[in-house]
Amino acid sequence: MYWRPGCVFCLRLRLILRWHRLSVHQVNIWADPDAAAFVRSVAGGNETVPTVVIDGKPIINPAPTQVVAALRAG
């Protein structure tokens, strides 16, 4: 999960994942220039977060239910 501080959508997703006791690898795009470049490459040049990679496919600002379902599916 690519995120950045101050992003309310990221906070919401992180809290929901914690509520469901699910963990994901989290990368702060403000602390990792390569991660920021990746997000820009898949989000039309924007640093739109959260961006989550599910089954190899990047999804920009996914619904938390989509992420939870994907993680539970394995």
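Data block above holds the structure.
Residues numbered from 1 in each chain as written. Predicted model: local features only at pLDDT ≥ 70, side-chain atom pairs only at ≥ 80, totals over all residues. Heavy atoms only, no water.

A.B. asks: Any details on the nonpolar core? Residues and values, ideally.
C.D. replies: Of all hydrophobic cores here, the largest spans 19 residues; its most connected members are M1, Y2, I29 and V49. For this core, the elements supplying multiple residues, two or more each, are strand 1 (2-3), helix 1 (8-19), helix 2 (33-42), strand 3 (51-54) and helix 3 (64-73). Those residues in contact with V49, other than ones at most four positions away along the chain, are Y2, W3, R4, C7, F9, C10, I29 and V39. (Core = buried A, V, L, I, M, F, W, Y, C linked by side-chain atoms within 4.5 Å. Buried < 20%, exposed > 50% of the residue type's maximum accessible area, 1.4 Å probe, protein only. Helix = DSSP H or I, 4+ residues; strand = E, 2+ residues; numbered from the N terminus. Contact = heavy atoms within 4.5 Å.)

A.B. asks: Tell me what's going on with the pairing of strand 4 (residues 57-60), and back it up with residues and numbers.
C.D. replies: One face of the sheet, then the other: side chains in a regular strand alternate in exactly this way. Of the pairings in the sheet, the one linking strand 3 to strand 4 comprises four bridges and is antiparallel in character. Pairing of T51 across the sheet is with I60, part of strand 4. Hairpin connection of strand 3 to strand 4: two residues between the antiparallel strands, including D55 at a positive phi of 50°. (Pairing = 2+ DSSP bridges.)

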